[in-house]
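Coordinates in review
Residue-level listing of the chains:
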Protein chains: 2
Amino acid sequence: MTREELSRNIFRKRSFLCTGLDTDIERLPVSLDRDIRGMVNFNTDIIRCTADLSVAYKINTAFYEQYGARGWEAMAETLDLIPGDCLAIADAKRGDIGNTSSMYARAFFDELRFDAITVAPYMGEDSLRPFLEFEDKWVICLALTSNPGSADFQMLESQGKRLYEHVIETVCRWGNPNNLMFVTGATQAAHLEHIRTIIPEHFLLVPGVGAQGGDLHEVAGAALNDSGGLLVNASRSILYASRDEDYTEAARAEAMRLQREMDIALRQEGY
Amino acid sequence: MTREELSRNIFRKRSFLCTGLDTDIERLPVSLDRDIRGMVNFNTDIIRCTADLSVAYKINTAFYEQYGARGWEAMAETLDLIPGDCLAIADAKRGDIGNTSSMYARAFFDELRFDAITVAPYMGEDSLRPFLEFEDKWVICLALTSNPGSADFQMLESQGKRLYEHVIETVCRWGNPNNLMFVTGATQAAHLEHIRTIIPEHFLLVPGVGAQGGDLHEVAGAALNDSGGLLVNASRSILYASRDEDYTEAARAEAMRLQREMDIALRQEGY
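The following paragraphs examine the structure supplied in this document. (Residues numbered from 1 in each chain as written. Chains lettered and ligands numbered in written order. Predicted model: local features only at pLDDT ≥ 70, side-chain atom pairs only at ≥ 80, totals over all residues.)

1. A look at the relation of the copies chain A and chain B
- Expressed as a screw transformation, the operator carrying chain A onto chain B has a rotation angle of 180° and an axial translation of 0.0 Å, and the superposed copies differ by an RMSD of 0.0 Å. The transformation relating the two chain copies, once decomposed into turn and shift, fits a two-fold axis.
- In this assembly, 100% of the residues forming the interface of chain A have copies in chain B that are likewise at the interface, indicating an isologous arrangement. (Least-squares fit on C-alpha atoms with pLDDT ≥ 70 in both. Contact = placed C-beta atoms within 7 Å.)

2. Section: the packing of helix 2 (residues 36-50) of chain A against helix 12 (residues 247-268) of chain A
All names here are of chain A.
- One way to put it is that helix 2 packs onto helix 12 with a least axis distance of 9 Å and a crossing angle of 45°. Classified by the angle between their axes, helix 2 and helix 12 sit oblique to one another. In the crossing of helix 2 with helix 12, the sense of the turn from one axis to the other is right-handed. Residues Asp45, Ile46, Cys49 and Thr50 of helix 2 lie in contact with helix 12, whose contacting residues are Thr248, Ala251, Arg252 and Ala255. (Axes fitted to C-alpha atoms, helices over the stretch in contact; angles between N-to-C directions. Helix = DSSP H or I, 4+ residues; strand = E, 2+ residues; numbered from the N terminus. Parallel < 35°, antiparallel > 145°, perpendicular 65-115°, else oblique. Left-handed = near helix turned anticlockwise from the far one by under 90°.)

3. Focus: the nonpolar core
- Core analysis: the largest hydrophobic core is formed by 190 residues, its most contacted members being Ile140(A), Cys141(A), Ile140(B) and Cys141(B).
- In contact with Ile140(B), other than residues within four places in its own chain, are Ile89(B), Ala116(B), Ile117(B), Thr118(B), Val119(B), Met181(B), Phe182(B), Val183(B) and Leu205(B). (Core = buried A, V, L, I, M, F, W, Y, C linked by C-beta atoms within 7 Å. Buried ≥ 20, exposed ≤ 12 C-beta atoms within 10 Å, placed from the backbone.)

4. Digging into the sheet that holds strand 2 (residues 56-60) of chain A
All names here are of chain A.
- Overall, parallel pairing links the eight strands, which are arranged 1-2-3-4-5-8-9-10 in a closed barrel. This sheet shows a mean twist of 30° between the axes of neighbouring strands, independent of strand direction.
- In terms of strand pairing, strand 3 (residues 87-94) meets strand 4 (residues 116-119) through three bridges, oriented parallel. Along strand 4, the bridge assignment pairs isoleucine 89 with alanine 116.
- Sheet contacts for helix 12: strand 1 (17-21) and strand 10 (230-234); angle to strand 1, the most-contacted strand, approximately 155°. (Pairing = 2+ DSSP bridges.)

5. Describing the sheet that holds strand 5 (residues 138-144) of chain B
Residues and elements named next belong to chain B.
- One closed barrel accounts for eight strands, arranged 1-2-3-4-5-8-9-10; its pairing is parallel. This sheet shows a mean twist of 30° between the axes of neighbouring strands, independent of strand direction.
- With three bridges connecting them, strand 1 (residues 17-21) and strand 10 (residues 230-234) associate as parallel partners. Among the inter-strand pairings, leucine 17 is bridged to a residue of strand 10, identified as valine 232.

Encoded structure:
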């Protein structure tokens, strides 16, 4: 999916919602089987009841890999359910030496046909390049994450800049706003405005609204730009809105609540 | 596997060789089928002809994941072939927020029963803790890698120390020499002696000898300690020593050449 298509979907749907499919078998609704089949059935229901409200789906690969080969099949099946007007993101956080990163790129872009993958920057240029070589695919690089541990290394200061700023500035030389996004946590809203001054054009993928405590309007105010430029991920608040028979209604209600807030935020920012 | 057991195997086998199973279907010997079955058959042969010379095997997960569910099955089958006196390492370079890292830890330690996993430190403490909570399992944290891109961020200086030094010092607070190793590339031999002054006791996993150009004796001189404290990985030089009928003999000859050099290095260092 190109940047123009993603942008068009955001303004048409009045939403920058990325629904995260961090599907945990232990937390499935009581009416579903607690197994891989139940997991895929649940994903089917969640995608169906949120597709018109979402512009992206993010599959957290860990939740599938933990079940080995059957989990990979469930991931592939789930990927096939994601509609064409939604960006399909593999939240895999990969990064390895060049020839190994090439393997990962093929796994996620050719074998599984994801539109985008999250990557970790620690190993530098040759670890990211292979992902950037695929046409119409996206690399989403970790910059400033939403978890407590983000303070351990990402905030280290070197030559007057934090490590996350070095990451953004350096990785930007290897890609461009049409194939490169950054992960910047919603719990770091104070830094988001600063990040926007470094990269006014790039899309930001922002986790941490909802369960992790980030504020949607603060994020939108700091990060929206004239191509949208923002995907806000919500996972647990949508997936586990209810464990009863009404789980699709409850999930849809939460996704709709977020979409309406996003519509308001878009208008407030003049879009 | 405990540190004592690993140490005992090193001194008994007179080897600190980790054989890397970065098995590429395109590079299989001509006599084998170019498919997943051929991949597992090749791994079976390689493990059989190098088991007495190796103290560890490292499975590079990317080479298997690229084939989806069938690849995961091949990885599980290969893992089952690794003898009990060799450390089984998943070279997966994972790292995510706490609840997701827990999933990965379960996937690699419970579902697949690896002894060790490589992890990326960028996301900090809560991304590594879940792996460290497993008894008799090992976390192998990226510190200073062997690839060209290692210079991009790992060498950034902050408060008089490189990022990789911050990583080593900080991560050491979360684990101990019995459950934590570090990846330090053989192409960085000049830094290895310095790393040994920071962590005299921890095991180091050193890739980059052979295909990537690192020198075995330099590495051994800088890194060996009285529990061994060192695993040197070789992948391509062993796996692809020959593509002809003699591939097991050629692979064994290369592994034996390395083991003999390791024996000499151990004696030179007084072990």
